[in-house]
Amino acid sequence: MAVWIQAQQLQGDALHQMQSLYGQHFPIEVRHYLSQWIEGQLWDAIDLENPQEEFKAKRLLDSLIQELQNKAEHQMGEDGFLLKIKLGHYASQLKSTYDRCPLELVRCIRHILYTEQRLVREATNSSSPLGGMMDTMSQKYQQINQAFEELRLLTQDTENELRKLQHNQEYFIIQYQESLRIQAQLSSLSTLPPADRQLREPTLLSKRATVEAWLTREANTLQKYRLDLAEKHQKTLQLLRKQQTIILDDELIQWKRRQQLAGNGGPPEGGLDILQSWCEKLAETIWQNRQQIRRAEHLRQQLPIPGPIEELLNELNSTITDIISALVTSTFIIEKQPPQVLKTQTKFAATVRLLVGGKLNVHMNPPQVKATIISEQQAKALLKNENTRNESSGEILNNNCVMEYHQTTGTLSAHFRNMSLKRIKRSDRRGAESVTEEKFTILFESQFSIGGNELVFQVKTLSLPVVVIVHGSQDNNATATVLWDNAFAEPGRVPFLVPDKVLWPQLCDAINMKYKAEVQSNRGLSEENLVFLAQKAFSSSSNNPEDYRNMTMTWSQFNRESLPGRSFTFWQWFDGVMELTKKHLKPHWNDGAILGFVNKQQAQDMLMSKPNGTFLLRFSDSEIGGITIAWVAENPNKAGERMVWNLMPYTTKDFSIRSLADRISDLNHLLFLYPDRPKDEVFSKYYTPPLSKAVDGYVKPQIKQVVPEFATANSDPASGNPTYMDHASPAPVNHAHTYSIYPPMSDSILDADGDFDLDDTMDVARHVEELLRRPVESQWGGQQS
């Protein structure tokens, strides 16, 4: 199916070439709906030049038509009705086209598959990492499908051998009955006169000898048939185990890992359709072999012949039961995980699915699934099969759900739509561990039987770790716990162990993935950004990325210990940046207008070589979720000297009042975005349109931003006096949201980080508002309000 998935992504001429492969001779709908089956067949194994191969081609044609008819029968609903008719029509059409020349069907499909593979290979450029990955995936899928074909042939072979054994055994029993009849006749001779007895006895003795010799010889043959059949079943089960290991321990585990990384913002884990189809094929093959082994056991009981076969059949029975148990218990999975940061008294959802439910007819008696929240310690005990006495660590409302079978998709799943965690019972914490570091998990469990109650299964599966919070203020630290766990958990770990420290590049991958997902941007963190973060994390001044390659960061450094001289951790600062960017700065980040990860000294070094009025945007070092504007301008205290100014940081609260683009528009002393882009070229598309004119004698007020020291840039040429409003505005200003500025020099009113302490300085906002009020009152004093 991998080739068809890739073929559907083709574009332009390649897409037209692919589409031209199909038509009346082979409809594209058949390729689509039977894609996995088509790619799983051994078309290359048939010699098109050998007429004797025609019977193989005929068998493939018959199988193709049967698959189409099966697909048609399973269509439901209004759309399904039309598709059912169409697929049935294609089945009849293909039969009439190729019934007399089945080798032409093989030739046709081989041409289609070869051409698709070539087009896909050319499009993806197999020399690229993506192309190589797609080729590898295609090869892997092909190997899995080939193994299924081999299993199908082995199972068909043992079915034929079993029928042959049954036929021979039935004939043996008939002959055995004949020997008993001869023996009875011999016994009855004692009642006859001696002359008659002498006349008939030799013939009966000869017959008995012949039959008994045949029975002895046939008994050995039957025993050999039984042993041969058992050996073939052993070979089939070995291949089944290998195939099941590949699908469950490789493919399904990888899907679960992708699901976990998706919780950190990684790419979607992908659908389960291919995995389900493989698991269903496994279930079908396992069940067929189990039934064959049981029939062989029945034949042995029907005609016991001394030998090792009894022990072999017992071993086969045990093995096949283990295989099907592993399949059923491993394919009870969580398709949609519950939220990993779980707030009490808040509705949440989850979906569990049994990948083999439809094939094993579990839906005939729909099982019920129960959800329970348990602690990390209880999860450890559960996986060790220790008795947890069904304890839970909290109470979940609406925690029972019946699995439903969806005919159109063939899936058996339970969708919990309205669960809510009513209360949580926490364990005793150790040392510095906080409530947001405590991990729980949602346990989903069910019980069902298959094969007419032949086998009863108790299935359980655990969700990814969840952190329970009771207030939104805990979300930040809980997210850190989840991110660390999702990023660094290893397959098969003891719940829920994670490394206490990781290499810095590993952490960079995790936070870059999270950043792009949260901001919903393709622009991730550059190497320069990551160097800045390393400097912050390790209190380092090195600008060389190589210096951090082998450095490790501990969980404590990440989100337990505050950064030097700060009251917040590395993660809290980084999370604040993500939140601010996500809510208010996303378009500017995507445009590349925000450098962001630049410290104060770096900003100064960058700007001092640029013309006055050049500015850049960087995230605040001293405040969580803040961004500041740094610009270069003249030093008002020293003629001819230039300096870099830094505006007090903006936060989410500020941008809820006035956007970043509008604030930059307000400040006319900002001319060029670093390095040399005119600011209007970058930001004008985000400016708020001018307000409409006065209506009914009222004028709508407008908030503007000013920086007093630079307000003369807007001086009124008519009056010669400075003003603090934009003369192009149609409406006056009745309130100003202002910010102080500070030069990078020693000053008694600055704190250690170079930021103003507003408690120790004058109320600039009040002062500016008073200045603004004078022209407003004189200009609009006569206006009715």
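Residues numbered from 1 in each chain as written. Predicted model: local features only at pLDDT ≥ 70, side-chain atom pairs only at ≥ 80, totals over all residues. Heavy atoms only, no water.

The chain goes by Signal transducer and activator of transcription in an unreviewed UniProt entry, where it is assigned to Takifugu rubripes. On record in UniProt, under Sequence similarities (unreviewed entry), the comment for the chain is "Belongs to the transcription factor STAT family." (UniProt positions renumbered as here; feature names shortened; annotations may be inferred.)

1. Observations regarding the overall build of the chain
Regarding its fold elements, the chain presents 22 helices and 21 strands. Looking at the chain as a whole, 47% of its 785 residues qualify as buried. Within the chain, counting contacts between residues at least 6 apart in sequence, those at least 24 apart form 70% of the total. (Helix = DSSP H or I, 4+ residues; strand = E, 2+ residues; numbered from the N terminus. Buried < 20%, exposed > 50% of the residue type's maximum accessible area, 1.4 Å probe, protein only. Contact = heavy atoms within 4.5 Å.)

2. Concerning the sheet that holds strand β10 (residues 455–462)
Spatially, four strands are ordered β6-β4-β9-β10 in an open sheet, and the strand pairing comes out antiparallel. Edge positions in the sheet fall to β6 (400–402) and β10, since each has one partner strand and no second. Averaged over neighbouring strand pairs, the angle between their axes works out to 25° when direction is ignored. Here strand β4 (residues 368–375) pairs with strand β9 (residues 440–450) via seven bridges, running antiparallel. Looking at the pairing, K370 lines up with E445 of β9. (Pairing = 2+ DSSP bridges. Axes fitted to C-alpha atoms, helices over the stretch in contact; angles between N-to-C directions.)

3. Some details on helix α9 (residues 194–262)
Its 69 residues give α9 an end-to-end C-alpha distance of 96 Å, which sits within 8% of 102 Å, the value for a rise of 1.5 Å per residue. Of all the bends in α9, the greatest reaches close to 35° and is centred on R200; the proline P202 follows between one and four positions later. (Expected span 1.5 Å × (residues − 1). Bend = angle between axes of the 7 residues up to and from the residue.)

4. Quick notes on the pairing of strand β14 (residues 614–619)
Burial within β14 is extensive, with six of its six residues counted as buried. Neither face of β14 is left uncovered, since the one carrying T614, L616 and R618 and the one carrying F615, L617 and F619 both have all their residues buried. Pairing analysis gives two bridges linking β14 to strand β17 (residues 672–673), with the strands arranged parallel. Considered in β17, the bridge of T614 is made with F672.

5. Structural notes on the side chain of T651
Considering the arrangement of structural elements, one finds T651 in the loop between β16 (642–647) and α19 (652–655). On the basis of relative accessibility, which here comes to 15%, the residue T651 falls in the buried class. Excluding residues that lie within four positions of it along the chain, T651 makes contacts with L580, E623, G625 and G626.

6. Some thoughts on the UniProt feature "coiled-coil region" (unreviewed entry) in the chain
Sequence positions flagged by UniProt for "coiled-coil region" (unreviewed entry) are, in local numbering, residues 141–168. Taken end to end, residues 141–168 comprises 100% helix and 0% strand; its first and last C-alpha atoms sit 41 Å apart.

7. Observations concerning the confidence of the model for the chain
Averaged over every residue, the pLDDT of the chain is 83; residues scoring 70 or more account for 86%. Predicted confidence for residues 126–131 stays below pLDDT 50, and this span has six contacts to residues more than four positions away or in other chains. Throughout residues 713–769 the model reports pLDDT below 50, and contacts reaching past four residues in sequence, or to other chains, amount to 111 contacts. (pLDDT = per-residue confidence, 0-100.)

8. Digging into the environment of T581
Along the chain, the position of T581 falls in helix α17 (residues 570–590). Leave out the neighbours within four places in its chain, and T581 touches Y515, V519, K586, W589 and F619.

9. Details of the packing of α9 against helix α11 (residues 309–330)
Relative to each other, α9 and α11 sit at 15°, their axes nearing to 10 Å. On the basis of the axis angle, α9 is roughly parallel to α11. When the axes of α9 and α11 are compared, the crossing they make is left-handed. Classifying every residue of the contact of α9 with α11 by side-chain character gives 13 nonpolar, six polar and five charged. (Parallel < 35°, antiparallel > 145°, perpendicular 65-115°, else oblique. Left-handed = near helix turned anticlockwise from the far one by under 90°. Nonpolar A, V, L, I, M, F, W, Y, C, P; charged D, E, K, R; others polar.)

10. Considering the packing of aromatic side chains
Enumeration over the complete set of coordinates arrives at 28 aromatic pairs. Aromatic pair F416 and F444: ring centres 5.4 Å apart, planes at 55°, arrangement tilted. Here F444 lies in strand β9 and F416 lies in strand β8 (residues 411–424), a separation of 28 residues in the sequence. As far as the burial class goes, F416 and F444 line up, both buried. (Phe/Tyr/Trp six-rings, centres within 6.5 Å; stacked < 30°, edge-to-face > 60°.)

11. Focus: the side chain of N512
Mapped onto the elements, N512 comes out in helix α14 (residues 504–519). By relative accessible area, which is 18% here, N512 ends up buried.

12. Looking at unusual backbone geometry
With an omega of -20°, the peptide bond running from P495 to F496 counts as cis. Tracing the backbone through its elements, the reader meets F496 in the loop between α13 (475–488) and β12 (501–503). Residue Y674 is joined to P675 through a cis peptide bond whose omega torsion reads 10°. Phi at S539 is positive, roughly 50°, even though this residue is not glycine.

13. Examining the pattern of salt bridges
This model, assessed by the stated rule, comprises 37 salt bridges. Across the pair D99 and K58 runs a salt bridge, and its minimum N-O distance is 3.5 Å. Taken together, the residues span a long stretch of sequence, with D99 in the loop between α6 (77–98) and α7 (102–124) and K58 in helix α5 (residues 54–73) at a distance of 41 residues. Residue class for D99 comes out partly exposed when judged on its relative accessible area of 31%. Looking at K58, the relative accessible area reads 26%, which means it is partly exposed. If you follow the salt bridges from partner to partner, you end up with K514, E518, E579, K582 and K583 in one network. (Salt bridge = Lys/Arg side-chain N within 4 Å of Asp/Glu carboxyl O.)

14. Structural notes on the nonpolar core
Core analysis: the largest hydrophobic core is formed by 82 residues, its most contacted members being I247, I373, F416 and F444. In terms of residue count, the dominant contributor to this core is α9 (15 residues). Both domains that meet at this core, namely domain 2 (150–324) and domain 3 (346–353 + 361–470), each give it at least three residues. Within the second largest apolar cluster, 62 residues are counted, among which are A510, F532, I594 and I627. (Core = buried A, V, L, I, M, F, W, Y, C linked by side-chain atoms within 4.5 Å. Domains from an automatic or database assignment.)

15. Focus: a nonpolar patch on the surface
The grouping of F81, L82 and I85 at the surface amounts to a nonpolar patch, some 330 Å² of accessible area in total. With respect to the helices, strands and loops of the structure, I85 is situated in helix α6. (Patch = residues over 30% accessible without salt bridge, like charges linked within 9 Å, V, L, I, M, F, W, Y side chains within 5 Å. Areas by Shrake-Rupley, 256 points an atom, 1.4 Å probe, with all protein chains shown as cover.)

16. Some words on the packing of α5 against α7
One way to put it is that α5 packs onto α7 with a least axis distance of 8 Å and a crossing angle of 70°. Compared by their axis directions, α5 and α7 come out roughly perpendicular. Across the interface between the two elements, E54, A57, K58, L61 and L64 from α5 touch P102, L103, L105 and V106 from α7. Looking at the contact of α5 with α7 residue by residue, the class counts come to seven nonpolar, no polar and two charged.

17. Here's the deal with the environment of L222
Relative to the assigned elements, L222 resides in helix α9. Exposure remark for L222: the relative accessible area of 0% places this residue in the buried category. Once residues within four sequence positions are removed from consideration, L222 is found in contact with L165, N168, Q169, F172, L303 and I305.

18. Comments concerning the environment of K86
Within the fold, K86 resides in helix α6. Relative accessible area serves as the criterion here: at 38%, K86 is assigned to the partly exposed category.

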